[in-house]
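Observations on chain architecture
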Amino acid sequence: MSAAFPPPLPSSPPAPRLSTCSASKVPLLRIFRPRLSVAGNCPGLLSSNWRRPSALAGNASPPASDLELLYTNCKTWQWRSYSINYLVKGVGPPLLLVHGFGASVGHWRKNVAVLAQSHAVFAIDLLGFGASDKPAAFSYTMEAWAQLILDFVAEIVRKPTVLIGNSVGSLACLIAASEPSDGLVRGVVLLNCAGGMNNKAIVDDWRIKLLLPLLWFFDFLLKQRRIASSLFHNVKQRDTLKNILLSVYGNKESVDEELVEIIKRPADDEGALDVFVSVVTGPPGPSPISLMPRISLPVLVLWGDQDPFTPLDGPVGRYFLTLPPQQPNVSLHILKDVGHCPHDDRPELVHEMLLPWLAGLPS
C-alpha cells in the first residue's frame, strides 16, 4: 500500500475510455486462525504457540489455509548482510511479486496458487517489511528496493523474469526495469502504481498542494521519537488498520481478520517504527511519469477505479490513461469498483487480465 498520510481526498474519476472489468462478488475468505506455526519458515511472521490438534489424539487436523500453505514455501536470502524473506512455488516462466508499503508476501495469498499453475512464482519481502530484516540505520529509498529486486533476480531467479508490483512495489519494479539488467527483466505489471515512496512526490495534484504544509509538519513530528512511537502504536492497532484497509478496498469483504494480521504482525517487530518514519519522511524517489518513456519492455497496467491514494483523476492516473496510444508496449485496463490493492481486492479480475497477457509475451 502507499505510504500516504493522510491520503488524498477521493474524487470521482472520469469515465475511462479503455477496457473496464465488471466485478463479481468475491466470497468471504476463511477467518484467520491466529498464532499458527510453520516451523522453520518465515521467521517472525507466525507465532510458535499455536499447534494443530493431534491426529493421534483422535482429532483430525483442520485444512491448511491459503496463507499457511504460502508460508511453507518461504526461504531466506542474504542481501548485503541483511536477511530477506521470499517464497517460491510452481514451475515455468518466472514471476516476481513485489508488495506495497506495510505489506509482505502474505498479501499475495489469493494469487500465488493460481499463478503457480503455469509459472514459477517468487514473492519477496522488501527490506524493512514482512519477515525480512528491519535495520534501524538503513536509509530506505525507492532506488535501494529497486536494486534489491535486480540483485534477487540475478542471484536467485537467474532467468528472464516478469516483475509484478503493487503501489510502491510497482514503482520499485518500474525503476528496476529502467536500469540495465542483461535481459533479466522480461516485462512489468503495475497494479495501481504509486507516484513516489510517499505522496509528497505528487506535487501537481491540487489535493497534495493543499496538504503539503501539513505533510511537512507531520514529517517534523515524526522526527520526535516519542511522538513517532505514540503515533505508530496507534496506527498499528487492529481497529485502526481495519479502518484504513476498508478505506482503500473496493470489496469490503476482502478486508478480513487474516488481512489485518498480515499487516499488523510485522509492524510489531523491532525496527518497524524506524522503517515507518524513514519511508514517510524520506525522499519520494523518481516519478513513474519520468520512468515510463525509458521502458521498452511489455508493460501491463491494471488500475482500480476506487483508489483514494493514486486516483485515476490525479496526475499519475491521468498520465497512465494517456499512455497506450503513445507507447504500443503498454496495455491498460481499468478495474471497476476496485481499490488500491487489486490483486487482493478483486483477484479474479486481475487474473482475468494478467494470465492472457503473460501467455502472449514473446518467448
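If you're wondering where the values come from, they're calculated on a predicted model, not measured in any experiment.

1. Some remarks on the overall build of the protein chain
The helix and strand inventory of the protein chain stands at 13 helices and nine strands. Counting all 363 residues of the protein chain, 58% fall into the buried class. Across the protein chain, contacts joining residues at least 24 apart in sequence account for 77% of those joining residues at least 6 apart. Accessible surface computed for the protein chain: about 14900 Å², of which carbon and sulfur atoms make up 57%.

2. Side note on unusual backbone geometry
Even without a glycine there, the phi angle at Asn-192 is positive, about 50°. Within the secondary structure, Asn-192 is located in the loop between strand S7 (185–191) and helix H5 (206–222). Note on Asn-192: relative accessible area 0%, which makes it buried.

3. Comments concerning the confidence of the model for the protein chain
In the predicted model, the protein chain carries a mean pLDDT of 82, and the fraction of residues at 70 or more is 76%. Throughout residues 2–59 the model reports pLDDT below 50, and contacts reaching past four residues in sequence, or to other chains, amount to 129 contacts.

4. Quick look at the packing of aromatic side chains
According to the stated counting rule, one finds 12 aromatic pairs in the structure shown. Relative to Trp-145, the ring of Phe-129 lies with its centre 5.7 Å away and its plane at 50°, an arrangement referred to as tilted. With a gap of 16 residues between them, Phe-129 in the loop between strand S5 (120–124) and helix H3 (142–157) and Trp-145 in helix H3 connect regions that are remote in the sequence. The pair Phe-129 / Trp-145 is uniform in exposure class, with both members buried. A centroid spacing of 5.7 Å and a plane angle of 75° characterise the contact between Tyr-319 and Phe-320, whose relative ring orientation is edge-to-face. Pair check on accessibility: Tyr-319 and Phe-320 agree, each one buried. Taken together, Tyr-82, Phe-101, Phe-129, Phe-138, Tyr-140, Trp-145, Phe-232 and Phe-276 form an aromatic cluster joined through their ring pairs.

5. Structural notes on the pairing of strand S3 (residues 82–89)
Note that strand S2 (residues 74–79) and S3 share six bridges and pair antiparallel. Looking at the pairing, Trp-79 lines up with Tyr-82 of S3. Two successive antiparallel strands, S2 and S3, enclose a turn made up of two residues, where Arg-80 displays a positive phi of approximately 50°. Two strands pair when backbone bridges link them, and S3 and S5 are joined in this way by four bridges, in the antiparallel orientation. Following the sheet pairing, Val-88 is matched in S5 by Phe-122.

6. Observations regarding helix H8 (residues 257–267)
Owing to its 3.6 residues per turn, the α-helix brings residues three or four apart onto one side. A large share of H8 lies buried, amounting to 10 of its 11 residues. Of the surrounding elements, those touching the buried residues of H8 are helix H1 (66–71), helix H6 (225–235), helix H7 (238–248), helix H9 (272–281) and helix H12 (342–345).

7. Comments concerning the packing of H7 against H8
Interaxial distance between H7 and H8 falls to 10 Å at its minimum, and their mutual angle equals 110°. When the axes of H7 and H8 are compared, the pair comes out roughly perpendicular. By crossing handedness, the relation of H7 to H8 is classed as right-handed. On the side of H7, the interface is formed by Arg-238, Leu-241, Lys-242 and Leu-245, while H8 contributes Glu-257, Leu-259, Val-260, Glu-261, Ile-263 and Lys-264. Each residue belonging to the contact of H7 with H8 can be placed in one class, and the counts come to five nonpolar, no polar and five charged.

8. A short note on the environment of Gly-339
Relative to the elements of secondary structure, Gly-339 occurs in the loop between strand S9 (330–335) and H12. C-alpha separation for the pair Gly-339 and Tyr-249, spaced 90 residues apart in sequence, amounts to 4.5 Å. Sequence-distant contacts of Gly-339, that is, excluding residues within four places in its chain, are made with Asn-192, Val-248, Tyr-249, Gly-250, Gly-304, Gln-306, Asp-307 and Asp-345.

Cut-offs applied
- Residues numbered from 1 in each chain as written.
- Predicted model: local features only at pLDDT ≥ 70, side-chain atom pairs only at ≥ 80, totals over all residues.
- Heavy atoms only, no water.
- Helix = DSSP H or I, 4+ residues; strand = E, 2+ residues; numbered from the N terminus.
- Buried < 20%, exposed > 50% of the residue type's maximum accessible area, 1.4 Å probe, protein only.
- Contact = heavy atoms within 4.5 Å.
- Areas by Shrake-Rupley, 256 points an atom, 1.4 Å probe, with all protein chains shown as cover.
- pLDDT = per-residue confidence, 0-100.
- Phe/Tyr/Trp six-rings, centres within 6.5 Å; stacked < 30°, edge-to-face > 60°.
- Pairing = 2+ DSSP bridges.
- Axes fitted to C-alpha atoms, helices over the stretch in contact; angles between N-to-C directions.
- Parallel < 35°, antiparallel > 145°, perpendicular 65-115°, else oblique.
- Left-handed = near helix turned anticlockwise from the far one by under 90°.
- Nonpolar A, V, L, I, M, F, W, Y, C, P; charged D, E, K, R; others polar.

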